[in-house]
Amino acid sequence: MDYIINQFKEVPTTCISDAMDGLNNLDSAIKPLKEEYKFAGRALTVKMPVGDNLAVLKAIRQAREGDVIIIDTKGNSYRGIAGDFVVGMMQTLGVSALVVDGAVRDVVGIKELNFPVFCKSTAVAASGKAGVGELNVPISCGGVSISQGDILVGDADGVVVVPQSQAETVLKKALQKLRKDEEREQKISGNPEAIKEYLDNMINKTAK
């Protein structure tokens, strides 16, 4: 796995979002099935029609180890795009996460796999397999445009998208933000006078 993905794994999505001025976050309705899930990887994009998941199976077959399968299902939550069996195949073949702006099903079984699944909801109904859909094409998922190879990072707060052309710049800014946050916390945490000084500085700065 390339070094930049490994570095993104160590950075909270909040810092990455701040590095991009909050512009590349997926819809906040897309959340991990378990709060402890965290991932970073390159996007394998899937565009599928509502209720047909054959393209998802094709994506699993084409996926390289470490890829994140991200699916544009037009936000539909009535039919699950995958259940525990399909997610288990992703896990076995080395996919690092599944992100979808729709639903999954067999949620108890998926949670037992401890595989990062980020979705909008869960469902009872299954998808069909008519065979329509596209892979590795630009998609819109959760209100963000995503292309094959873009970097996706997810944790308890949600999912952010880093365009691959901006990866180095965004990583540098995100690491700077993380260090700044850590320094600020060390300086004022548990110190009432330092907290008051910080608040006064922020209030006065905003008032100018």
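Given the structure is predicted, the values throughout are model-derived calculations rather than measurements. (Residues numbered from 1 in each chain as written. Predicted model: local features only at pLDDT ≥ 70, side-chain atom pairs only at ≥ 80, totals over all residues. Heavy atoms only, no water.)

Participant: What's the story with helix H3 (residues 54–62) in this structure? I'm lost.
Facilitator: An α-helical turn contains 3.6 residues, so a residue and the one three or four places further along point in the same direction. Of all the residues in H3, the buried ones are Ala55, Val56, Ala59 and Ile60. Buried residues in H3, looked at end-on, bunch into an arc of 145 degrees, giving them a common side. On its buried side, H3 packs onto strand S2 (39–47), strand S3 (68–72), helix H4 (84–92) and strand S10 (134–135). (Buried < 20%, exposed > 50% of the residue type's maximum accessible area, 1.4 Å probe, protein only. Helix = DSSP H or I, 4+ residues; strand = E, 2+ residues; numbered from the N terminus. Arc of directions from axis to C-beta. Contact = heavy atoms within 4.5 Å.)

Participant: Could you clarify how one ought to interpret the environment of Ala123 in this entry?
Facilitator: Within the secondary structure, Ala123 is located in the loop between strand S8 (121–122) and strand S9 (125–126). According to the relative accessible area criterion, Ala123 is buried, its value standing at 16%. Once you skip the residues sitting within four places of it in the chain, Ala123 turns out to touch Ser77, Tyr78, Arg79, Gly80, Ala103, Val104 and Arg105.

Participant: Looking at this structure, how should I read the side chain of Asp101?
Facilitator: Among the structural elements, Asp101 can be located in the loop between strand S5 (97–100) and strand S6 (103–104). Although Asp101 lies buried, it forms no salt bridge, and the closest oppositely charged side chain, Lys120, sits 6.7 Å away as judged by the N-O distance. In terms of polar contacts, Asp101 uses its side chain to reach the backbone amide nitrogen of Gly75, at 3.3 Å. If we skip the residues at most four places from it in the chain, Asp101 touches Ile30, Ile71, Asp72, Thr73, Lys74, Gly75, Asn76, Lys120, Ser140, Cys141 and Gly142. (Lys, Arg positive; Asp, Glu negative; His and termini not counted. Salt bridge = Lys/Arg side-chain N within 4 Å of Asp/Glu carboxyl O. Polar contact = N/O pair within 3.5 Å; in protein donor to acceptor, adjacent residues only side chain to side chain.)

Participant: How should I be thinking about the nonpolar core in this particular structure?
Facilitator: Where a protein is soluble and globular, its nonpolar side chains tend to be buried together. Ranked by size, the top nonpolar core spans 43 residues in total, and within it Leu26, Leu98 and Ile146 carry the most contacts. Not counting residues within four places of it along the chain, the set of residues in contact with Leu26 comprises Ile70, Val99, Cys141, Gly142, Val144, Ile146, Val159 and Val161. Of all hydrophobic cores here, the second largest spans 18 residues; its members include Ala19, Ile151, Val170 and Leu178. (Core = buried A, V, L, I, M, F, W, Y, C linked by side-chain atoms within 4.5 Å.)

Participant: Just checking my understanding: could you explain the layout of surface pockets for this structure?
Facilitator: A volume near 180 Å³ is recorded for the largest pocket. Lining the largest pocket, in full, are Arg184, Lys187, Ile188, Ala194, Glu197, Tyr198, Asn201, Met202 and Lys205. At the level of elements, helix H6 (167–188) and helix H7 (192–207) are the ones that each hand at least two residues to the lining of the largest pocket. Counting residues per element, the lining of the largest pocket draws most heavily on H7, at 6 residues. Across the lining of the largest pocket, the residue classes tally to 4 nonpolar, 1 polar and 4 charged. In this model, the second largest pocket occupies a volume close to 160 Å³. Looking at the second largest pocket, the residues that line it are Lys177, Lys180, Asp181, Arg184, Tyr198, Met202 and Lys205. Put simply, the parts of the chain that give the lining of the second largest pocket at least two residues each are H6 and H7. Here the lining of the second largest pocket takes 4 residues from H6, the largest share from any one element. For the lining of the second largest pocket, the class distribution of residues is 2 nonpolar, no polar and 5 charged. (1 Å grid on protein atoms, 1.4 Å probe; cavity = no way out; pocket = protein on both sides within 12 Å on 5 of 7 lines; lining within 4 Å. Points joined across faces, edges and corners; volume = space filled by probe spheres on them. Nonpolar A, V, L, I, M, F, W, Y, C, P; charged D, E, K, R; others polar.)

Participant: Teacher, can you tell me more about the environment of Pro32 here?
Facilitator: Tracing the backbone through its elements, the reader meets Pro32 in strand S1 (residues 31–32). Taking the C-alpha atoms as reference, Pro32 lies 8.1 Å from Gly154; in sequence the two are 122 residues apart. Apart from residues lying up to four places away in sequence, Pro32 is in contact with Tyr37, Val117, Phe118, Asp155 and Ala156.

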